[in-house]
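Listed here are the chains, written in short residue letters.
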Amino acid sequence: MQTEQVNSKQWKDCLKYMSVRMKEQSFNTWLKQTSGTPADDNEFLLRVPNQFVADWINGHFGDLINEAFREVLGRDYAIRYEVNDNGNEDRQVSINFEKQEPAHSPAPKKTNTEGTPSLSQRYRFNSFVVGDFNQMAHAASLAVADAPGITRYNPLFIYGGTGLGKTHLLQAIGHRIVEQFPNKRVFYATSEKFTSDFITSISEGAVSRFTRMYRDVDALLIDDIQFLTGKESTQEQFFHTFNSLYHYGKQIVLTSDRPPREIKDLEERLLSRFSWGLVTDLQAPDLESRMAILYKKLTSEGISLPDDVVRLVADTVTTNIRELEGTLIRLLAYASLKKTTVDLSLARKLLSDAFPKQKKQLTISSIQKMTAEYFDIDPTMMKAKKKTSHIALARQVAMYLSRSLTNSSLKVIGGEFGGRDHTTVIHACDIISKKMAVEPAFRERIDQISASLLY
Ligand code: ADP
Ligand code: MG
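Procedures and definitions
- Residues numbered from 1 in each chain as written.
- Chains lettered and ligands numbered in written order.
- Predicted model: local features only at pLDDT ≥ 70, side-chain atom pairs only at ≥ 80, totals over all residues.
- Heavy atoms only, no water.
- Axes fitted to C-alpha atoms, helices over the stretch in contact; angles between N-to-C directions.
- Helix = DSSP H or I, 4+ residues; strand = E, 2+ residues; numbered from the N terminus.
- Parallel < 35°, antiparallel > 145°, perpendicular 65-115°, else oblique.
- Left-handed = near helix turned anticlockwise from the far one by under 90°.
- Contact = heavy atoms within 4.5 Å.
- Nonpolar A, V, L, I, M, F, W, Y, C, P; charged D, E, K, R; others polar.
- Core = buried A, V, L, I, M, F, W, Y, C linked by side-chain atoms within 4.5 Å.
- Buried < 20%, exposed > 50% of the residue type's maximum accessible area, 1.4 Å probe, protein only.
- Domains from an automatic or database assignment.
- Pairing = 2+ DSSP bridges.
- Right-handed = clockwise from strand over helix to strand, strands pointing away.
- Near = heavy atom within 4 Å.
- Polar contact = N/O pair within 3.5 Å; in protein donor to acceptor, adjacent residues only side chain to side chain.
- Areas by Shrake-Rupley, 256 points an atom, 1.4 Å probe, with all protein chains shown as cover.

Visitor: Explain the packing of helix α5 (residues 135-146) against helix α6 (residues 166-180) to me, please; I cannot follow it from the model alone.
Guide: In a pair of packed helices, the angle between the axes and the distance between the axes together describe the arrangement. With their axes 8 Å apart at the nearest point, α5 and α6 run at an angle of 30° to one another. Here α5 lies roughly parallel to α6, going by the angle between them. For the element pair α5 and α6, the recorded crossing hand is right-handed. Within the contact between the two elements, α5 uses A137, H138, S141, L142, V144, A145 and D146 and α6 uses L169, I173, R176, I177 and Q180. Of the residues contributing to the contact of α5 with α6, the split by class is seven nonpolar, three polar and two charged.

Visitor: Whenever I open this one, the nonpolar core confuses me. Can you help?
Guide: Across soluble globular proteins, you tend to see nonpolar side chains buried next to one another. In terms of nonpolar packing, the biggest core is built from 48 residues, with W11, M18 and I173 touching the most fellow members. Here this core gathers at least three residues from each of two domains, domain 1 (9-85) and domain 2 (117-282). With 30 residues, the next largest nonpolar core counts F375, M381, M399 and I449 among its residues.

Visitor: Would you explain the pairing of strand β3 (residues 78-83) in this entry?
Guide: For a regular strand, the rule is simple: side chains alternate between the two faces of the sheet. The pairing of strand β2 (residues 43-48) with β3 spans six bridges and is parallel. Within β3, the residue paired with R47 across the bridge is E82. For the handedness criterion, the β-α-β arrangement of β2, helix α4 (residues 51-73) and β3 is classed as right-handed.

Visitor: It is not clear to me how the site of ligand 1 should be interpreted in this structure. Could you clarify?
Guide: As a matter of local geometry, ligand 1 sits amid 18 residues, with V129, G163, K166, H168 and E325 nearest to it. E325 has a polar side-chain atom sitting 2.8 Å from an oxygen atom of ligand 1. Calculation on ligand 1 without its partners gives an accessible area of 560 Å², and the protein chains cover 94% of this total. Elements with a minimum of two residues in the shell around ligand 1: α6 and α13 (321-337). Partitioning the shell around ligand 1 into residue classes produces six nonpolar, eight polar and four charged. Formed jointly, the shell around ligand 1 draws a minimum of three residues from each of two domains, domain 2 (117-282) and domain 3 (287-354).

As structure tokens, this is what we get:
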């Protein structure tokens, strides 16, 4: 990428300095993707992917960057941001609608409660887990919810695969605006509803009612905009709705399963408008976030599950949060139906029924080999009596992985580790789970071993 080319040694050194002085998640979200170079004697040019990142860095890390300049480069610089945002190159078209101070809304204000009956109580910010995979979309959503129509992030366009939290985030924005600004009207609809409302309004001769419904709002939240394809008159209607809201400084938030330029059958003038504000995405959650989501869900339901079961679910369902929750719910439902508790072996059985193809058949000896390689010890040490702490740890990790990745019983596992007793295996699993819970770096290492075994 272009940004790579201008990334100077100076900036890389500054990044290194900052990376150990801030949360890893923040670093990954905001700074990792930047590149920079001294522009002249006084200025340091920082390239960032979009305006939101520039604003965020400026607001949150300005001091740290200045400190890095001083400590690492031994001098001060003024920062100049350069936004490297390809999506916005046709923004000049917007000149007619360039937002000044929000103009007067043409229609009188109503209370905001009637406009939002379709917001689900479940979809709020406080039930939304934030991790590397969604931090920027979350931060942008909060920013527009706290200052709808006032930030530069208009429209806010959130895209991501199915079940990754688009609807949740969109509705959380709606709730938050309603709570903070009781006089503001929020309207949430899917693009299909927009289409059908429009078509109905035509057949009933009530287009002006439709127009009021969608334009007389302070924030319009349209879910799954990729479905607004086809009918030209609907697109035309949305185009005018967009222009009107934008012109009056009203907030627009859109979601889609793909970035604007990849939406098919949608008019170019709409697609280009979708990139005027901020386009941000939701990725698939990492393991840590999947676990956090499961724990959050359990807490909210007042239920608890053994850690190894939660871990198993998080390991098995990796790409879709809806499915992650669904799997958890199925486990709980089964347990309540059978009046039993979910332990690891039951969970493994239920999950292997649900996801028969996801797991390779692993053997204990392949786990031993891979673990030995990661710990840089000889595989025979897995069975030996020898016990330096490094070897003992490697052995415990291999036992833990054998327990969570194969269907072998404790007895069989113990047998494979030089004829050890099943209580030794239980003890090993406990030690490793605890260590993983308190040491993220250790957990990451274990995840890497699991991943190399599984994929
Ligand atoms: P999408 O609209 O992208 O298909 P949803 O917003 O419907 O996905 O999310 C699917 C499910 O996952 C919902 O139950 C939602 O509450 C949950 N979910 C998604 N993202 C998160 C998150 N970051 N934290 C907690 N739950 C989430
Ligand atoms: Mg959705």
